[in-house]
Amino acid sequence: MKKVGIIMGSDSDLPIVTKATDTLKALEIPFEVHVYSAHRTPVEARDFAVNARENGFGAIIAAAGMAAHLAGAIAANTTLPVIGIPCKSSNLDGIDALLSTVQMPTGIPVATVAINGGANAALLCAQIFAVEDKELAAKLDAKRASDAAKVLEKDKAISASF
Ligand code: RP5
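Residues numbered from 1 in each chain as written. Predicted model: local features only at pLDDT ≥ 70, side-chain atom pairs only at ≥ 80, totals over all residues. Heavy atoms only, no water.

A. Summary view of helix α5 (residues 118-130). When the terminal C-alpha atoms of α5 are compared, their 19 Å separation across 13 residues agrees well with the 18 Å that a helix rising 1.5 Å per residue should span. Taken as a whole, α5 has its buried residues at G118, A121, A122, L123, C125, A126, F129 and A130. (Helix = DSSP H or I, 4+ residues; strand = E, 2+ residues; numbered from the N terminus. Expected span 1.5 Å × (residues − 1). Buried < 20%, exposed > 50% of the residue type's maximum accessible area, 1.4 Å probe, protein only.)

Listed below in structure tokens is the structure:
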């Protein structure tokens, strides 16, 4: 199976990235994690993206906050799918990162998840990989069913309490 590359702009983004790594671990999808910044280490960020396909990656998650150009800068240097996680790391509550990540110009797409949406970024990678992987698709179906069962349990409990 291809690997997921996870890049974060700063180690301060790690709590959000952990939601993605936990999800990938649960689905047994291999991944690598790095700290490369579009602004502080632009050469390393670019090199990672340029070589990602050859290095066995099938998708890249880029997590960054503030003026979050990381996902876009990665996407500019690869045609692998890039999923951006806007991180809430300033007084603007992540709206700055959300707009910086989602508003990509035509030709260089970034699939942007919710502010701090680490788990969904991993699930989207899994769904991309599952297009060609029936075993992984079955795991995703099982997770959906288990998540739904948990909600219905909560429904029962709440409903019974009134
Ligand atoms: C962004 O600036 C990082 O992705 C992080 O979310 C934010 C703050 O970085 P630090 O100052 O905590 O390193 O580039």
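Moving on from the model shown.
B. Representation of the site of the ligand in the model. Taken together, the residues surrounding the ligand are G9, S10, S12, D13, R40, A64, G65, M66 and S89. Measuring from an oxygen atom of the ligand, one finds a side-chain N or O atom of S89 at 2.9 Å. Bound to the protein, the ligand loses 75% of the 360 Å² it would expose on its own. Across the shell around the ligand, the residue classes tally to two nonpolar, five polar and two charged. (Near = heavy atom within 4 Å. Polar contact = N/O pair within 3.5 Å; in protein donor to acceptor, adjacent residues only side chain to side chain. Areas by Shrake-Rupley, 256 points an atom, 1.4 Å probe, with all protein chains shown as cover. Nonpolar A, V, L, I, M, F, W, Y, C, P; charged D, E, K, R; others polar.)

C. Quick peek at the sheet that holds strand β1 (residues 3-8). Taking strand neighbours across the sheet as the criterion, the five strands line up as β2-β1-β3-β4-β5 in an open arrangement whose pairing is parallel. With one partner strand each, in any of the chains shown, β2 (31-35) and β5 (111-112) form the two edges of the open sheet. Where β1 lies against β2, five bridges are found, and the strand directions are parallel. Among the inter-strand pairings, I7 is bridged to a residue of β2, identified as H34. Helix α1 (residues 14-26) contacts β1, β2, β3 (57-65) and β4 (82-87) of the sheet and is inclined by roughly 170° relative to β1. With respect to the sheet, helix α4 (residues 95-102) is in contact with β3, β4 and β5, its orientation differing from that of β4 by roughly 160°. (Pairing = 2+ DSSP bridges. Contact = heavy atoms within 4.5 Å. Axes fitted to C-alpha atoms, helices over the stretch in contact; angles between N-to-C directions.)

D. Local environment of the side chain of S90. Within the fold, S90 resides in the loop between β4 and α4. Within the structure, S90 has its side chain in polar contact with the side chain of D96 (distance 2.7 Å). The contact partners of S90, leaving out residues within four places of it in the chain, are M66 and D96.

E. Region of interest: helix α6 (residues 134-160). Taking 1.5 Å per residue, 27 residues should reach 39 Å; α6 reaches 39 Å between its end C-alpha atoms and fits that length. You can read the cap of α6 off the contacts: a side-chain oxygen lies 3.1 Å from the backbone nitrogen of E135, and it is on D133.

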